[in-house]
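# Topology and contacts: notes
Listed below are the residues making up each chain.
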Amino acid sequence: MSKKRILLIGGAGYVGTVLTSHLLKKGYKVRVLDKFVYNNQFAIKPYLGDPDFEIQKGDLTNDQDLEKAIEGVSDVVVLGGLVGDPVTKKYPKASNKINTEGVQSCIDFLNGKELGKVIFISTCSNYGLIGEDEMADEEFELNPLSLYATAKVEAEKHLLSYKEKADYTGVVLRFATAFGLSPRMRFDLTVSQFTRDLYFGKELVVYDEHTWRPYCHVRDFARLVERVLDAKEKKVDFEVFNAGAEMNNFTKKMIVDEILKHDPDGSVQYTGKGDDPRNYRVSFKKVKSVLDFEPEFTVEEGIQELIEAFEIGVYSDSMENSKKYGNFEINYDGALNND
């Protein structure tokens, strides 16, 4: 059998590079389309020279780039966009062009191209703020509280509107907050930021320490995408899945407590309300029952592997070179005049 070629739109990012590695190891061919808006070209270096890996610099908002990228492709994973609340708030015009207009036009473009599955990577941030005694399943009312989540909700609706109309099998994966090591490492995410700051002796200021979020390791996300790619169409056809596990529903304080087990002398200051009101626990029963998926990695294990990396000198520049390790600034046509 010839190998399937998977197109990863935005595949040079934090999750995409780990997914690239996973799919290559599993015998897929991988083509990445990426604009490198974070100047993150360094992240694909581990895969250059692999005969099953291709890289194309291009823009998901450009149909010509997409036309070239889908040639010979069996399935598509749409990861691309400005990822996270802070960067979309900082660059609202770019966010609208890429995350809203661009992603939806990309979904339109992919119809009629004889693809198998089109997997759209969404976010559990769509749930926003829910009651303390509630768990959000896939049918729970969406309550996006940011430009980032609003664009994800709109893109989900756009994809799902193609049910029984598209010639591909659409799937939405609502990712929990990511953690874990990656060639394109990020330290602007809760588990990695908290662990880094405490390890290197910085006082950690934690807002709203009792707010809940679900978390999931990037390698588990890669396993889930593979499972969707391999699933029978009727199992996943225009279905939405929360991606993660209940065991990794954590409050910020629970994360800090786990880190302090390794570094009891770490300095933490808890303070009042920050500017991010999100608070949600999420149910992952559907992804377990339909796809028999459970993550392998716990938050505790993610903290441990990060500390082990620090101890051998990996990411030793992550404090002074913070812009390299997060979604802070973009290089995108002048960021549309800096918005």
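For the structure itself, look to the data block above.
Residues numbered from 1 in each chain as written. Predicted model: local features only at pLDDT ≥ 70, side-chain atom pairs only at ≥ 80, totals over all residues. Heavy atoms only, no water.

## What about the overall build of the chain?
Selection rule: For helices the rule is a DSSP run of H or I covering at least 4 residues; for strands it is a run of E covering at least 2, with both sets numbered from the N terminus onward. Here the globule rule is a power law, 2.2 Å times the number of residues to the power 0.38, and the radius of gyration is based on C-alpha atoms. Only protein chains enter the accessibility calculation, which uses a 1.4 Å probe. A residue is then buried if its area is under 20% of the maximum for its type, exposed if over 50%, and partly exposed in between.
Scanning the chain for helices and strands turns up 12 helices and 12 strands. The globule rule puts the C-alpha radius of gyration for 339 residues at 20 Å, and the 19 Å found for the chain is close to it. Seen along its three principal axes, the alpha-carbon backbone of the chain occupies a region of about 55 × 45 × 45 Å. In the chain, buried positions account for 56% of the 339 residues.

## Things to note about the packing of helix α6 (residues 190–199) against helix α9 (residues 252–262)
The test is simple: All axes are obtained by fitting lines to C-alpha atoms, using only the stretch in contact for helices, and the reported angles, taken between N-to-C directions, cover 0 to 180 degrees. Angular relationships are summarised with four words: roughly parallel below 35 degrees, roughly antiparallel beyond 145, roughly perpendicular across 65 to 115, and oblique for the angles in between. Should the near helix be turned counterclockwise from the far one by less than a right angle, the crossing is left-handed, whereas a clockwise turn marks it as right-handed. The contact criterion used is simple: two residues touch if any of their non-hydrogen atoms lie within 4.5 Å.
Packing of α6 against α9 brings their axes to within 10 Å, and their N-to-C directions diverge by 40 degrees. Overall, the two elements α6 and α9 adopt an arrangement that is oblique. Between α6 and α9 lies a crossing of right-handed hand. Only K252, I255, V256, I259 and L260 of α9 make contact with α6, whose side of the interface consists of T190, V191, F194, T195 and L198.

## Re the sheet that holds strand β10 (residues 239–243)
Note the following rule: The pairing criterion for strands is at least two bridges between them, as found by DSSP.
One open sheet holds the seven strands; their spatial order is β3-β2-β1-β4-β5-β6-β10, and the pairing between them is parallel. What marks the edges here is a single partner per strand, and that holds for β3 (53–57) and β10. Between one strand and the next, the sheet's axes are offset by a mean angle of 20 degrees, whatever the strand orientation. Judged from the five bridges that link them, strand β1 (residues 5–9) and strand β2 (residues 29–34) form a sheet pairing that is parallel. Looking at β2, one finds that L8 is bridged to V32. Sheet strands in contact with helix α5 (residues 147–160) are β5 (117–123), β6 (169–175) and β10, and its direction is about 155 degrees off that of β5.

## Brief notes about the pattern of salt bridges
Applied cut-off: Only one rule defines a salt bridge in this text: a Lys or Arg side-chain nitrogen within 4 Å of an Asp or Glu carboxyl oxygen.
Counted by the stated rule, this structure contains 18 salt bridges. With its nearest N and O atoms 2.8 Å apart, the salt bridge here joins R186 to D188. Two residues, R213 and D276, come together in a salt bridge whose shortest N-O distance is 3.4 Å. Note that R213 is positioned in strand β9 (residues 212–217) and D276 in the loop between β12 (268–271) and α10 (285–291), a separation of 63 residues in sequence. Salt bridges here are not isolated pairs; linked through shared partners, they connect D85, R213, D276 and R278.

## Quick notes on the sheet that holds strand β7 (residues 177–179)
Spatial strand order, β7-β9-β11: three strands in an open sheet with mixed pairing. The two strands at the open ends of the sheet, each matched to only one other strand, are β7 and β11 (249–251). This sheet shows a mean twist of 50 degrees between the axes of neighbouring strands, independent of strand direction. Its contacts with the sheet place helix α7 (residues 218–230) against β7 and β9, and it is angled at close to 70 degrees to β9.

## Quick look at the environment of V73
Here V73 shows up in the loop between α2 (63–69) and β4 (75–78). Given a relative accessible area of 10%, V73 falls into the buried group. As a C-alpha pair, V73 and M254 span 181 residues in sequence and 43 Å in three-dimensional space. Leave out the neighbours within four places in its chain, and V73 touches R5, L7, R31 and L115.

## Focus: α5
What counts is decided by this rule: Given a helix with a known number of residues, its expected span is that number minus one, times 1.5 Å.
Here α5 contains 14 residues, and its C-alpha end-to-end distance of 20 Å stays within 8% of the 20 Å for a straight helix at 1.5 Å per residue. For α5, the complete set of buried residues consists of Y148, A149, A151, K152, V153, A155, E156 and L159. Contacts from the buried residues of α5 go to α3 (85–90), α4 (92–110), β5 and β6.

## Some details on the nonpolar core
Our working rule: Put simply, buried Ala, Val, Leu, Ile, Met, Phe, Trp, Tyr and Cys residues joined by side-chain atoms within 4.5 Å make one nonpolar core.
Counting 55 residues, the largest nonpolar core has L8, V77, I119, L173, V225 and L291 as its most contacted members. Here this core takes seven residues from α7, the largest share from any one element. When residues no more than four places from it in sequence are discounted, the contact partners of V77 are I6, L7, L8, I9, L19, I119, I121 and V225. The next biggest cluster of nonpolar side chains, apart from the first, holds 26 residues, and it includes I70, V103, L110 and A155.

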